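Per-entry structural report
These are the residues of each chain, in order.
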Amino acid sequence: MSAMDQLKQIRFEAQAAIEAAASSAQLEQARVEHLGRKAELPNLLRGVASLPPAERGSVGKAANQLRKELEAALETRQSDLERAELDARLATDVVDVTLPASPVVPVGRLHLVTATRREVEDIFLGLGFRVAEGPEVEHAYYNFDGLNFNSSHPARLWTDTFYVSEDVLLRTHTSPMQVRAMELHAPPLYLIIPGRVYRRDSDATHTPQFHQVEGLAVDEDITLGDLNGTLTTFARAVFGDERKIRLRPHFFPFTEPSVEVDVSCFNCRDGFVRDGSRCPLCKGTTWIEILGAGMVDPNVFEYVREFGYDPDRYTGFAFGMGLERIAMLKHGVTDLRLFYDNDLRFLEQFG
Ligand code: DAH
């Protein structure tokens, strides 16, 4: 076969192999086979020098041209293959950016008691109070004695209170933190104390464990007017800007004078609801009791006098509210036990 015929044959086979290559790997194989060191065309090029002088020029030129032609064909095929591979990848990797990023993980929500506690905390933080917490297992001294309870007060009875030992108990209110806080910090003091409390009581409006928020403000010249203003602000923030409060005389061992605080009813007009019947929330009285309060009894200051609480220099007010009660009034919850049944149908309505 003449060298020219041989070149024709090489062109035919190499072009077929290049066209047939269906992947970059197959194309690389075709390149090695037809242009690699041991392939026919490079071999022929290396042998041009030993051809008869008359053929040398034309064969050399044709062989070189074929090599360039095949290299160009390889390059074209390579970019065709790359484009096709990219297109295929793009077609299968379709991303719809309008879909949610991932399946939506169901998020929990705050329990109504927690949400209400935070709401109350926010209001008092806004008024310059700080938030503190205290122990639920408490010494009788802080729960009763230091708060001026006399030794025969009925709340001390084992029928009312959970005792751990003779003088250690589950606190029956958050008020013991008044004494603890005053032992730790000299006046002025502006503090609220949210937390769990325990009593031996169980019915639709009492559970053995519930939550209170205690408040204590001690400074020079604190008056009942300051208590009135603070609690009016609180009542309006929770129950609406139209609310009024009233203070009714009451008795607590640790405040003098003591008051119970009512908020004006937000459920009725003059004690009657739309259909003309008596308002079930305020029982037609137009007032709803929300908490107990008063001016800190000087006897309480005597217990902490050595920590800087001179009753001749300082006065203070204190208050204590049931968190569940606030939540029940605000959200129309009728049974306290719903807070602790953990029924999602109830819990999911809030927070
Ligand atoms: N500790 C009282 C209770 O549990 C509530 C209370 C009343 C707290 C008057 C106070 C207060 O700080 O001044 O019934």
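Remember, predicted model here, so these are calculated numbers, not experimental data.

Of the regular secondary structure elements, the chain holds 12 helices and 10 strands. Here the chain has a C-alpha radius of gyration of 44 Å; the compact-globule value for 351 residues is 20 Å, and the former is much larger. Along the first, second and third principal axes, the C-alpha set of the chain runs to 135 × 60 × 40 Å. Sorting the 351 residues of the chain into buried and exposed places 38% on the buried side. Restricting the contact set of the chain to residue pairs at least 6 apart, pairs at least 24 apart contribute 67%. Accessible surface computed for the chain: about 20,100 Å², of which carbon and sulfur atoms make up 52%. Within the chain, the 52 negative side-chain charges are centred at a point lying 8 Å from the centre of the 38 positive side-chain charges.

It is worth spelling out the site of the ligand at this point. Residues in close proximity to the ligand total 15 residues, the closest being H173, S175, R199, Q212 and E214. In the environment of the ligand, an oxygen atom lies 2.6 Å from a nitrogen or oxygen atom belonging to the side chain of E214. At a separation of 3.1 Å, an oxygen atom of the ligand approaches a polar backbone atom of A318. If the ligand stood free it would expose 350 Å²; the protein chains cover 88% of that surface. For the shell around the ligand, the elements supplying multiple residues, two or more each, are strand 6 (209-219), strand 9 (287-296) and strand 10 (315-322). When grouped by side-chain class, the residues that make up the shell around the ligand number five nonpolar, eight polar and two charged.

Quick look at the domain arrangement of the chain now. Many analyses report the size of an interface as the accessible area lost when the parts associate. Here the domain parsing of the chain yields domain 1 (3-92) and domain 2 (112-347). A straight line from the C-alpha centre of domain 1 to that of domain 2 covers 93 Å.

Another point: the pattern of salt bridges. Under the counting rule described, the total for this entry stands at 16 salt bridges. Residue E136 is joined to R196 by a salt bridge in which the shortest nitrogen-to-oxygen separation is 3.5 Å. Here E136 is found in the loop between strand 1 (130-131) and strand 2 (137-139), whereas its partner R196 is found in strand 5 (residues 189-198), with 60 residues between them in sequence. For R196, a relative accessible area of 36% translates into the label partly exposed.

Another aspect to go through is unusual backbone geometry. The amide bond that connects P187 to the next residue, P188, takes the cis arrangement and shows omega of 0°. Position of P188 relative to the elements: it lies in the loop between helix 7 (176-184) and strand 5. Residue P257 is reached from E256 by a cis peptide bond, and omega for that bond is -5°. For P257, the position within the fold is in strand 8 (residues 255-264). Within the chain, D221 stands out as a residue other than glycine whose phi angle is a positive 65°. Among the secondary structure elements, D221 is positioned in the loop between strand 6 and helix 8 (224-239). We classify D221 as exposed; its relative accessible area is 67%.

Scoring rules and cut-offs
- Residues numbered from 1 in each chain as written.
- Predicted model: local features only at pLDDT ≥ 70, side-chain atom pairs only at ≥ 80, totals over all residues.
- Heavy atoms only, no water.
- Helix = DSSP H or I, 4+ residues; strand = E, 2+ residues; numbered from the N terminus.
- Rg over C-alpha atoms; globule rule 2.2 N^0.38 Å.
- Buried < 20%, exposed > 50% of the residue type's maximum accessible area, 1.4 Å probe, protein only.
- Contact = heavy atoms within 4.5 Å.
- Areas by Shrake-Rupley, 256 points an atom, 1.4 Å probe, with all protein chains shown as cover.
- Lys, Arg positive; Asp, Glu negative; His and termini not counted.
- Charge placed at Lys NZ, Arg CZ, Asp CG, Glu CD.
- Near = heavy atom within 4 Å.
- Polar contact = N/O pair within 3.5 Å; in protein donor to acceptor, adjacent residues only side chain to side chain.
- Nonpolar A, V, L, I, M, F, W, Y, C, P; charged D, E, K, R; others polar.
- Domains from an automatic or database assignment.
- Salt bridge = Lys/Arg side-chain N within 4 Å of Asp/Glu carboxyl O.

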